[in-house]
Every structure is written in C-alpha cells, then in structure tokens.
Amino acid sequence: MGVEAHATNERVTGRRWTVRLDPVGRGRADVRVSCSRPACAAQVLPSAAAGRTAAIAHLKAHLRAGPAPRPSVHCACRAEECHTHIRPAGPRERPVPWRCGGAVVLAVITDREGRWWQVLECCSRCAAAHPTAKVVATAPAAEAPARGDGFRADAPAPATPGGPAATTPTFSAVGPHFSHSAAATGTAVPQQASGPRSSAPRSAPRSARPTRKRPPRGRIAQRLVPHDLRPVALRDELTELGELFRAYQARTEPDLAMLADLHTRKAEAFNAWAEVTADTGLRLDAQRAEQAAATARLQHLHRIGQAPDGEGPAVARLLTAPAQWNHARGVLAHVAENAPLPGAEARLLVLMVTLRTAQSGVGNLVGQDIKGLPLQDPEHLVGQLVESGWLGISGTVEELIASRPESPTRISVPSLTPDEDDPGPFTFGRKLRPKLSGWAQRVVGEKKLRKGKTGADVRLLALALATGADGEGLLGPGGEGIGLDGLSSWCSVDPADLPDLVDRLTAADWLAEADVTGTLLTGRLTERVLPLGCPLT
C-alpha cells in the first residue's frame, strides 16, 4: 500500500491557463488582452470587439500548438475545490477523490459576458458540470497501468477465459480515477480460443450491464439541487426556478415584475430548503432573495407610474432611478468645488457645459444653448472661461455665440478629459450623460422660472432644492430642512439674499410652506415640480 500511495502522490496536476479581456481605463474604449502563460505579453486593442477577436485567436493558437490532454494527470480544478464538484457535507470538509471521474479532457470555460477564457486539463465529470465548458480534446486511452498507477499493489490478476467470471482490477482509494472501464484504461479483454463455444455461463462485461440512471439534477444560484432532496415538491420547485432564472437571463428585454416574482419564489423555496437541511447559508440566500424581490418590484412600480403601496399614481419623474439621482447630486457638488470663476452666472454656465462634456471631456454647443441661459453678457463670460484655460473652443467666442444646430461648435474641458492616470471625476455611463443634461435644462428652463425672468441665482437654488427634497417633496433629510450655508455657497450668493430667492421660487409655484429660519430652509416642493425632483434616499 505504501508503494501505491507514493505513486499516486507523484501524479502531476492538470494544466491551466487563462486569457483575459480587461478595460485599460475608466471611460476608455480600448481594452487589454493578457494571457497567464509566462511567455505571452499583453497587448492593447482599440475596442472590445477587436480585443475579443484577438483573445479567441490567441487561445486557439495555444490549443493548436499545445500537447493533447494526458490520461494520468489529476483534475486541474480539483486542486482548488472548484464549485463544479459536489459540495461536501460540512463547511470545512475537503472534496474526496471519488468526486472526480471520467476521461481527462481539455476544456475551455468562459464567462457569460466574454471577458475571460480558461483552459483546464480536467476530468470529464467536472467539465460536464460547468454550464459554459466546451471540450476541445480528450485524452487517448491509457496503457495498462503498472503497480502504483491507480491499482492496488496486491490486486489479483484477471481470470483466464475458461475459469470463473473475469474480475476487474481493484482500484486504489487514493487519488481520482478518470475511467473505471477496461476500454478506457487500456486493459485488454481476453479472447477465447477458436473452437466450440463453452456452454458455461459468463458474466456480462461491465460496459454491457444496464446502468441505473439518476434523475437529472437541477441547479440554482450556483448550487446543485440534491436528487434525493425531500419533499419531492421542493426539489422540483428548486429545479424549475433554476431553469426560469436562466431563461430570464437570456431575455432581450427586462421584465421587472416577472423578476420580482421569481425572487419571491426563490426566497420561499430557499427558506424551506434551509428548514430541511439546517443550512445557515441557504437562509441567508433566502433573505437576499427577499431584498432583491422588493427592489425589483419597487423599480417596476416606478417604471409604470404607480405608487409603491398601490394606493395611487406615483410621480413620473424625469430621472427614474436612485443611482441617477445620486449622480445628479454628484455633478452639482463637483461644479461647486471646481468652478473656475465666482458668481452665480459663471456657476450656472459651468454646470451646463460640464454636463455637455462630462463623459469624455469634449462635446458640442450652439449659440442658443448659451443665449437661453439668464446671462447678462454671455459673450464676455464665455471669453473669461476660455482665458482661464478651463474651456477650449474650436473657433472664436463670436462664432460660438452665432453657431446654429446644423453647425455646432466643438468644445473641450481639459479637467474632465480622462487619461490612463485619471479616469475623470464621474463614473456614470454614456447613456446617462444626456439624461442628466436634459434634466438640468428642464429645471433651469422651467416655464414659470422663464416667464418670471428669474436670474441665475434663483435657478441654481431651484436645482439645489430639486436634489435636496425627499420623495414627497419635503426639503432636507426627513423633511427637517436644508442648511442655509450650503445653499448660499452653491448659489454663490450672500446668506442674507436667500430669503428673497426663496420668495421668488414661491411666487413661481416652486415652493410651498417655505420658512427661512436662522440656519435652515424648510418647506416642500409643489406637486407641479415633483417630476423634476431627485429624491433623497
């Protein structure tokens, strides 16, 4: 037995390497393709499509040049207790050798988004257990194993053809066995000599004996559903839920109501599973599913314009999601800290230009974009921004003011232009930038503010209050009000001037029940302007 253990321990672990596709920097289109093999240098491609093509070509080149899978190696993924193995009973129990099986194969595993490809020299059972694995090569049949190569040293020799039923060699309990059949191990099946057939009964070959098929095992949330789980209704529910979740992921359009129902069913099923198995992890997964169901249902109600409690219509907001509201507040905070010129008019112009160039540092402007703002001398103000170096334009200031939609002027803001060392101050995507810009234009150009000929300071205050109220329009967290210091700093006015600005907003039907105390502004936004709000969460 000592010889056997020594030989098994000398088996090498299967090969493994990974080809990855990673972004070079935030806000950039180019990607980096890297390979974990030491001789391969990383390369940078101009787009994700080009990077994916290069990564696949690099992977295929390795597969063509590399050797075939070896029949005697250990399963590569087994060395790290990969999740494709059957989970052990205890949280710290290591997988046992029989959890691997089948011929050794070379399998390619990838993620759903196509960001990495991993090649494994593993057993066929582990490859089959992974949903994205593709087998590209199978190990050839091994030679008849010698002592210590998977067989017991004291195993009896096979019986002769005329004797008792042939016995298969006894496999060692040490190490995985990739094939237990005579054909896979290369053991020759003795042929009977020519002549009359013996009438003595013979045992059927192992490969010819009928095998009992276990029912297919379901999979949900990276967990295998045990085939012997009881009650059977629970096992069937978990299996069906796994299939429904995978079908939902394959949809081209989201259905948040359906997703909420699936998460609700998952929470109930996982709670029942936890009761049967006393598994704390299942109970935690059930709680997470309940939270996911509540979030998906709330997002669905926001999309269809219903109140979360179902008692009445909700506000159809211009910006619909909490993430969008937080990004809007982030842009206002950035402008307040980095405005290059003092004054409310400069602050308002810097905000609108920032929203036009937030993603890449460049954008387009026409004269109406600037002349539509309440600026006393827009040409002079734009010239100051250009002279300060904060703004760059492709022509002259006069050409920018006179430009029309069919021939916009190209502008740039160097402080917002991302590079390899600085991805920029904003993390939202390209699709959200025009939404934020449109929201700010709707607030600044709101009909009654425009008709009342309010100044830049009043419109800055309107922006601040739109992002500083809760879902019902009450100002400040919990309706307790907003500090006057923060409002005066954002509007770039003296705190003593705030009561007059509040009166103008009240006259424009923006504010109701407004009250300016020594340090706070309390009140609420009117129903008319609630769709422009970004509620505090």
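This report concerns the structure included in the present document. It should be emphasised that the depicted structure is a prediction, and the values quoted were computed from it without experimental measurement.

## Looking at the sheet that holds strand β2 (residues 31-35)
Logical step 1: Here six strands make up an open sheet; going across it, the order is β3-β2-β1-β5-β4-β6 and the pairing antiparallel. Unpaired on one side and paired on the other, β3 (43-45) and β6 (134-138) mark the two borders of the sheet. Each adjacent strand pair in this sheet contributes to an overall mean axis angle of 20 degrees, direction not counted.
Logical step 2: In this sheet, strand β5 (residues 116-123) lies alongside strand β4 (residues 104-110) in antiparallel orientation, the contact comprising seven bridges.

## Considerations on the sheet that holds strand β14 (residues 520-525)
Logical step 1: Taking strand neighbours across the sheet as the criterion, the three strands line up as β12-β14-β13 in an open arrangement whose pairing is antiparallel. Each edge of the open sheet is held by one strand with a lone partner, namely β12 (482-483) and β13 (511-516).

## A look at the environment of Ala462
Logical step 1: Residue position: Ala462 is located in helix α15 (residues 456-466).
Logical step 2: Ala462 sits in the buried class, given a relative accessible area of 0%.
Logical step 3: Considering only alpha carbons, one finds Ala462 and Cys491, 29 residues apart in sequence, at a separation of 9.5 Å.
Logical step 4: For Ala462, the residues in contact, after removing those within four places along its chain, are Val443, Leu449, Leu505 and Trp510.

## What about the pairing of strand β1 (residues 16-23)?
Logical step 1: For β1 and β5, the ladder comprises five bridges, and the chain directions are antiparallel. From the neighbouring strand, Thr18 faces β5, where its bridge partner is Gln118.

## A closer look at the pattern of salt bridges
Logical step 1: Inspection of the entire model under this criterion finds 19 salt bridges.
Logical step 2: Residue Glu240 pairs with Arg265 through a salt bridge whose shortest N-O separation is 3.8 Å. Here the residue Glu240 occupies a position in helix α5 (residues 232-249), and Arg265 occupies one in helix α6 (residues 256-277), the gap between them amounting to 25 residues.
Logical step 3: Residues Arg356 and Asp369 are paired through a salt bridge, measuring 3.1 Å at the closest nitrogen-oxygen approach. Within this pair, whereas Arg356 is found in helix α9 (residues 344-357), its partner Asp369 is found in helix α10 (residues 367-371), the two being separated by 13 residues in sequence.
Logical step 4: Overlapping salt bridges, with partners in common, bring together Arg223, Asp279, Asp285 and Arg288 in one network.

## Observations regarding the packing of aromatic side chains
Logical step 1: Tallied over the entire structure, the rule returns two aromatic pairs.
Logical step 2: A ring pair is formed by Phe270 and Trp273, whose centres lie 5.6 Å apart and whose planes are at 80 degrees; its orientation type is edge-to-face. Highlighted residues: Phe270 and Trp273, both in helix α6, separated by three residues, approximately one helical turn. As far as burial versus exposure is concerned, Phe270 and Trp273 are alike and both buried.
Logical step 3: A ring pair is formed by Phe426 and Phe428, whose centres lie 5.5 Å apart and whose planes are at 25 degrees; its orientation type is stacked.

## Some details on the nonpolar core
Logical step 1: With 72 residues, the main nonpolar core has Leu465 and Trp510 as its most contacted residues.
Logical step 2: Those residues within four positions of Trp510 in sequence are excluded, and the remaining contacts are Val443, Glu446, Leu449, Ala462, Ala466, Leu505, Arg524, Leu525, Thr526, Arg528, Val529 and Leu532.
Logical step 3: Membership of the second largest hydrophobic core comes to 19 residues, among which are Ile220, Tyr248, Leu256 and Ala269.

## Observations regarding helix α8 (residues 322-338)
Logical step 1: Its 17 residues place the ends of α8 24 Å apart at the C-alpha level, agreeing with the 24 Å of an ideal helix rising 1.5 Å per residue.
Logical step 2: Of the surrounding elements, those touching the buried residues of α8 are α9, α13 (432-444), α15 and α16 (484-491).

## Re the packing of α9 against α15
Logical step 1: Two elements in contact, α9 and α15, have axes separated by 8 Å at closest approach and are oriented at 50 degrees. When the axes of α9 and α15 are compared, the pair comes out oblique. Seen along the crossing, α9 lies across α15 with a hand that is left-handed. Judged by residue contacts, Ala344, Glu345, Arg347, Leu348 and Leu351 of α9 engage Ala456, Asp457, Leu460 and Leu463 from α15.
Logical step 2: Residues that form the contact of α9 with α15 fall into these classes: six nonpolar, no polar and three charged.

## What about unusual backbone geometry?
Logical step 1: Residue Pro231 is bonded to the preceding Arg230 through a cis peptide linkage, with omega at 5 degrees.
Logical step 2: With respect to the secondary-structure elements, Pro231 resides in the loop between β8 (223-224) and α5.
Logical step 3: One non-glycine residue, Lys453, lies in the positive phi region at around 50 degrees.
Logical step 4: Positionally, Lys453 belongs in the loop between α14 (447-451) and α15.
Logical step 5: Among the residues examined, Lys453 registers a relative accessible area of 73% and is labelled exposed.
Logical step 6: Despite not being glycine, Glu513 has its phi angle at roughly 55 degrees, a positive value.
Logical step 7: Within the secondary structure, Glu513 is located in strand β13.

What counts as what
Residues numbered from 1 in each chain as written. Predicted model: local features only at pLDDT ≥ 70, side-chain atom pairs only at ≥ 80, totals over all residues. Heavy atoms only, no water. Pairing = 2+ DSSP bridges. Helix = DSSP H or I, 4+ residues; strand = E, 2+ residues; numbered from the N terminus. Axes fitted to C-alpha atoms, helices over the stretch in contact; angles between N-to-C directions. Buried < 20%, exposed > 50% of the residue type's maximum accessible area, 1.4 Å probe, protein only. Contact = heavy atoms within 4.5 Å. Salt bridge = Lys/Arg side-chain N within 4 Å of Asp/Glu carboxyl O. Phe/Tyr/Trp six-rings, centres within 6.5 Å; stacked < 30°, edge-to-face > 60°. Core = buried A, V, L, I, M, F, W, Y, C linked by side-chain atoms within 4.5 Å. Expected span 1.5 Å × (residues − 1). Parallel < 35°, antiparallel > 145°, perpendicular 65-115°, else oblique. Left-handed = near helix turned anticlockwise from the far one by under 90°. Nonpolar A, V, L, I, M, F, W, Y, C, P; charged D, E, K, R; others polar.

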